[in-house]
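# Summary of structural features
Here are the chains, one letter per residue:
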Amino acid sequence: MLWYTTPADDWEREALPVGNGALGAMVFGSITSERLQFNEKTLWTGGPGSVQGYDHGDWREPRPTAIDAVQDDLDTRRRLAPEDVAGRLGQPRVGFGAYQTFGDLYLDFPGTPTPEAYRRELALDTGVASVAYTHQQARHRREFFASCPDGVIVGRIGADRPAGITFTLRYTSPRGDFTTTATGGRLTVRGALKDNGLRFEAQVQVRSDGGTVTSGADGTVTVTGADSAWFVLAAGTDYADTYPDYRGADPHPAVTRAVDRAISRGYDSLRARHIADHRTLFARVTLDIGQSVPADVPTDRLLASYTGGTSAGDRALEALFFQYGRYLLIASSRAGSLPANLQGVWNHSTSPPWSADYHVNINLQMNYWLAEAANLPETTVPYDRFVQALSAPGRHTARQMFGSRGWVVHNETNPYGFTGVHDWATAFWFPEAAAWLTQQLYEHYRFGGSTDYLRTTAYPVMKEAAEFWLDNLRTDPRDGRLVVTPSYSPEHGDFTAGAAMSQQIVHDLFTNTLEAARVLGDSRDFRQRVEQALAHLDPGLRIGSWGQLQEWKEDLDDPADDHRHVSHLFALHPGRQIEPGSTWAKAAKVSLTARGDGGTGWSKAWKINFWARLHDGDHAHKMLGEQLKSSTLPNLFDTHPPFQIDGNFGATSGVVEMLLQSQHGVIEILPALPSAWPSGSVRGLRARGGAVVDIDWTDGKPTRITLTATRTRRLTVRSGLLKDGETTFRAVAGRRYTWQ
Ligand code: FUC
């Protein structure tokens with residue numbers, strides 16, 4: 001439970017999020033003018049039809065020799081300034097667009113009450129946000145939730161005194177591109193974005209128990225003297241994720257249907273259906289690290305008093321932050337819409353930071369790190385769909401810019417298939433992103449084990465990403481190895497050939513593609529080509545003069561550099577090329593130590609994962625503490641700054657990595673348990689190979705492990721609790737295995 005004793009003033013720091021994947025809302029809990037800022041995830045400017053024109057980032061004029069020339073230069077000059085390369089390979093960005101707020105619903109209440117016993121809260125286990133206060137001996141209560149099964153946002157305004165509810169509901173938007181009408185207690189908002197003509201519609205139907213509901217000519221709805229009132233909100237656009245038009249049906253019929261159906265169900269049924277759906281996902285994982293939530297300490301005070309020490313309050317905040325990441329993913333990523341963007345689904349602006357887009361040089365990937373292991377695999381459906389949809393324009397970009405097969409996407413993208421480049425020198429070139437994006441799809445297979453999924457969903461995009469690199473690797477004159485060139489370690493340093501991350505990503509892609517090709521029996525010819533490329537590939541692992549893992553193929557690392565991206569450790573996490581205890585792991589630790597414990601929110605979150613993979617639980621815990629102390633807002637949103645949700649998701653993933661790992665074909669129990677969590681339990685984490693794992697521990701040692709197999713398969717479990725520290729056995733789907 002997140003809870004507070006005052007209304008929210010600030011959208012970013014204080015308001016509380018609800019969402020059903022497609023729709024999101026931020027609840028303020030203001031007494032006289034309740035504000036519900038809301039979003040529909042596809043409401044984006046840019047793309048086809050946008051005023052600036054649109055080119056997907058593909059070069060407007062062919063540049064048949066441009067990449068070769070940069071490669072030749074790198075062969076001889078070794079390093080090129082980003083501005084130089086951007087001047088030759090980039091172009092101004094047009095029509096990229098930005099995620100848009102849908103607007104705000106206000107509920108204006110008469111008078112200026114002085115409330116007592118005010119409480120605003122978000123219950124993570126039900127997904128219901130509520131506001132309660134006492135005024136003139138009457139207890140008032142408002143509830144808000146976003147229902148996935150019914151596709152609507154729902155609100156209820158009540159009090160324990162009859163006929164006590166009077167308010168006017170109105171809509172506003174920072175854009176002037178809409179009309180509002182109200183009839184029969186239904187407010188309808190309709191419009192089209194000026195930028196690209198995208199049509200949008202929202203409808204809010206208000207109902208009351210007792211009193212009256214009237215519709216104003218000004219597009220407002222007023223409830224007078226009711227015992228209680230409730231409303232449902234649905235919204236949509238005519239966006240479709242189909243290249244090249246990205247347009248589908250007018251939203252009017254679907255929005256009307258969603259509102260009509262929800263209203264006919266009634267409030268109690270909507271609420272019960274929402275909670276049942278939410279709990280199916282949320283309740284799968286429980287974490288007990290000795291937290292006890294002090295009943296009288298609201299969440300903002302819990303955060304402000306956090307020291308990372310030994311208090312039960314500190315444990316409470318850590319456990320809450322872990323579950324909040326799971327809550328936020330459920331609320332911002334469900335089948336039927338786009339994946340979670342830089343702000344999940346929540347955005348109150350017409351020009352949000354980084355367009356609230358899909359950055360793919362770490363951020364979108366990080367959003368889904370927790371999905372499999374923290375037992376929310378259903379939330380990856382929109383991610384998969386997004387990656388599949390990107391491959392169509394990405395194929396065009398591969399052909400047009402690289403003259404090659406396969407598909408590609410660069411540093412960041414939008415819902416309109418922006419797969420090419422722009423010219424922001426330090427962030428325009430990252431063709432490795434497509435390969436990295438496919439990693440999650442292969443992970444979904446490694447956890448879930450469905451060959452059907454592998455064949456129809458994961459493998460086609462993996463194989464085409466691999467074909468792109470089969471066509472685009474180049475022999476490095478320095479040593480005859482295959483390298484990515486030009487190569488740019490995200491947002492850092494010069495362009496070179498064969499930077500560590502580029503090589504490690506291609507290594508990961510080829511490894512995964514080869515494994516998948518064997519499972520699916522793809523042609524020998526294709527497998528041989530990948531095997532050969534892998535054998536000649538520079539693996540991107542090199543130890544430098546101060547014992548560090550090199551970020552670049554030549555030893556350019558500065559030990560005093562604390563850049564937020566730690567890209568050269570991809571092979572440690574989220575890759576699996578580096579095993580704990582290996583020479584590479586030791587070098588990775590030297591690099592990580594040099595980078596320090598600072599960074600933006602997501603950077604700290606990544607470092608939790610890194611330290612956990614190095615089996616250093618105390619340092620992982622320290623990074624969790626750093627994130628909570630200096631990169632977390634009172635509503636527990638991660639802040640870059642500004643608010644950026646990847647850090648929330650990355651931190652939850654990091655906590656899982658502390659408790660359970662399985663990337664190397666072995667299920668490791670408590671691989672990085674911090675001394676701050678001496679006793680506890682976790683239930684419901686998932687491991688690769690097909691297992692759900694529960695662990696109890698005391699004095700830093702596991703006392704009981706329960707594994708429920710979801711596939712019939714040989715599994716290896718490693719834990720100090722087991723005789724010889726490890727056991728390999730044939731797990732049978734559906735059976736439970738317990739060690740204690
Ligand atoms: C990457 C990061 C920035 C920011 C942006 C959205 O480019 O380097 O710090 O997180 O994504």
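Residues numbered from 1 in each chain as written. Predicted model: local features only at pLDDT ≥ 70, side-chain atom pairs only at ≥ 80, totals over all residues. Heavy atoms only, no water.

An unreviewed UniProt entry lists the protein under the name Alpha-L-fucosidase 2, from Streptomyces africanus.

## A word on unusual backbone geometry
Basically, it comes down to this: Numbered from the N terminus, helices here are DSSP runs of H or I no shorter than four residues, and strands are runs of E no shorter than two. The classification of residues rests on relative accessible area computed with a 1.4 Å probe and restricted to protein chains. Under 20% of the type maximum is buried, over 50% is exposed, and intermediate values are partly exposed.
In this structure, P244 follows Y243 across a cis peptide bond, with omega equal to 0 degrees. Summarising the element assignment, P244 is placed in the loop between β16 (228–237) and α3 (252–265). Following P641, the chain continues into P642 via a peptide bond in cis, with omega recorded as 5 degrees. Following the sequence through the fold, P642 ends up in the loop between α15 (617–630) and α16 (646–659). One non-glycine residue, Q136, lies in positive phi territory at about 45 degrees. Mapped onto the secondary structure, Q136 falls in the loop between β7 (128–135) and β8 (138–147). Under the relative-accessibility criterion, Q136 is labelled exposed at 51%.

## Points about helix α1 (residues 66–77)
Under the convention used in this document: Each residue after the first adds 1.5 Å to the expected span of a helix. This arc corresponds to the set of directions leading from the helix axis out to the C-beta atoms. What makes two residues a contact is simply this: any of their non-hydrogen atoms within 4.5 Å.
For α1, which comprises twelve residues, the first-to-last C-alpha distance of 16 Å matches the rise-based estimate of 16 Å (1.5 Å per residue) to within 8%. All buried positions along α1 are accounted for by A66, I67, V70, Q71 and L74. Projected onto a plane normal to the axis of α1, the buried residues spread over an arc of 135 degrees and lie on a single side. Considering only its buried residues, α1 is in contact with α2 (82–89), α8 (381–402) and β20 (474–475).

## Regarding the nonpolar core
The condition is simple: Here, nonpolar core refers to any group of buried Ala, Val, Leu, Ile, Met, Phe, Trp, Tyr and Cys residues whose side-chain atoms link them within 4.5 Å.
Counting 212 residues, the largest nonpolar core has F38, L659, I667, V693 and L707 as its most contacted members. Looking at this core element by element, the count peaks at twelve residues for helix α6 (residues 312–332). Excluding anything up to four places from it in sequence, L707 contacts I667, A691, V692, V693, L715, V717, F729, R735, R736, Y737 and W739. With 15 residues, the next largest nonpolar core counts F145, V255, Y267 and I275 among its residues.

## Overview of the UniProt feature "domain: Glycosyl hydrolase family 95 N-terminal" (unreviewed entry) in the protein
Heads up, the rule is: UniProt positions are given in the numbering used here, feature names are shortened, and annotations may be inferred rather than shown by experiment.
UniProt annotation of "domain: Glycosyl hydrolase family 95 N-terminal" (unreviewed entry) refers to residues 2–241 when read in the numbering used here. The annotated region residues 2–241 carries 8% helix and 47% strand content, and the separation between its end C-alpha atoms amounts to 35 Å.

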